[in-house]
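# Architecture and fold: a report
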Amino acid sequence: QVQLVESGGGLVQPGGSLRLSCAASGTIFTIYFMNWYRQPPGKERELVAAIANSGRTDYADSVKGRFTISRDNAKNTVYLQMNSLKPEDTAVYYCNLVYGPSPSQTNNYWGQGTQVTVSS
């Protein structure tokens, strides 16, 4: 059984900042990737940022230079620091966990989502 607990969403003005957190617990074995996706209203879910257990990161072009993903391996927690937020960043943000006993045996698990609204 795996659990993901997300927190940190809310309402913020354009130009403001928010920090999302996602803590994983349960029978996880090794976490290979911890990712953040988002789904804007009326649009498909998209990858925002990813971090591998090596520490390598990847970002969507739309958030490069504004968002920073990081992880605390000891706490199985991933963070998304979002700065210079824009109205188009408004979406439900989902934490995604790729984990398993080996790289060839991985599972995907999703958090419940947290709403981020950027509006004046």
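Above: the structure in question.
Anyway, here's the lowdown on the structure attached to this text. (Residues numbered from 1 in each chain as written. Predicted model: local features only at pLDDT ≥ 70, side-chain atom pairs only at ≥ 80, totals over all residues. Heavy atoms only, no water.)

## Focus: the side chain of D89
Take D89: it is sitting in the loop between β8 (77–82) and β9 (91–102). The class of D89 is buried, set by a relative accessible area of 1%. Among the polar contacts made by the side chain of D89, one reaches the side chain of R66 at a distance of 2.8 Å. Setting aside chain neighbours within four positions, we find D89 in contact with R38, R66, F67, S84, V116 and V118. (Helix = DSSP H or I, 4+ residues; strand = E, 2+ residues; numbered from the N terminus. Buried < 20%, exposed > 50% of the residue type's maximum accessible area, 1.4 Å probe, protein only. Polar contact = N/O pair within 3.5 Å; in protein donor to acceptor, adjacent residues only side chain to side chain. Contact = heavy atoms within 4.5 Å.)

## Structural notes on the nonpolar core
Counting 30 residues, the largest nonpolar core has W36, L80, M82 and Y93 as its most contacted members. Contributions of two or more residues to this core are made by β1 (2–7), β3 (18–26), β4 (30–39), β5 (46–52), β7 (67–72), β8, β9 and β11 (114–118). At 5 residues, β9 tops the list of elements feeding residues into this core. If near-sequence neighbours (up to four positions away) are discounted, Y93 is found in contact with E6, L20, W36, Y37, R38, V48, F67, L80, M82, G113, T114 and V116. (Core = buried A, V, L, I, M, F, W, Y, C linked by side-chain atoms within 4.5 Å.)

## Some details on the sheet that holds β7
Read from one edge to the other, the open sheet built from 4 strands follows the order β1-β3-β8-β7, with strand pairing classed as antiparallel. Whereas interior strands pair on both sides, the edge strands pair on one side only; in this sheet they are β1 and β7. Taking the axes of each pair of neighbouring strands and ignoring which way they run, one obtains an average angle of 15 degrees across the sheet. In terms of strand pairing, β7 meets β8 through 6 bridges, oriented antiparallel. Within the sheet, the bridge partner assigned to S70 lies in β8 and is Y79. (Pairing = 2+ DSSP bridges. Axes fitted to C-alpha atoms, helices over the stretch in contact; angles between N-to-C directions.)

## With respect to the state of the cysteines
A complete count under the given rule lists 1 disulfide for this structure. There is a disulfide in this structure between C22 and C95, and the S-S distance comes to 2.1 Å. Its S-S torsion of about -85 degrees marks the bond between C22 and C95 as left-handed, since a negative value means left-handed. Here C22, found in strand β3, pairs with C95, found in strand β9; they are 73 residues apart in sequence, far enough to count as distant. Per residue, the accessibility class of C22 equals that of C95, and both read buried. (Disulfide = S-S within 2.5 Å.)

## Points about the packing of aromatic side chains
Across all of its chains, the model carries 1 aromatic pair by this definition. The ring of Y79 is capped by R19, whose NZ or CZ atom sits 4.1 Å from the centre of that ring. (Phe/Tyr/Trp six-rings, centres within 6.5 Å; stacked < 30°, edge-to-face > 60°. Lys NZ or Arg CZ within 6 Å of the ring centre and 35° of its normal.)

## Topic: unusual backbone geometry
Unlike most non-glycine residues, N76 shows phi in positive territory, near 50 degrees. When you line up the elements, N76 lands in the loop between β7 and β8.

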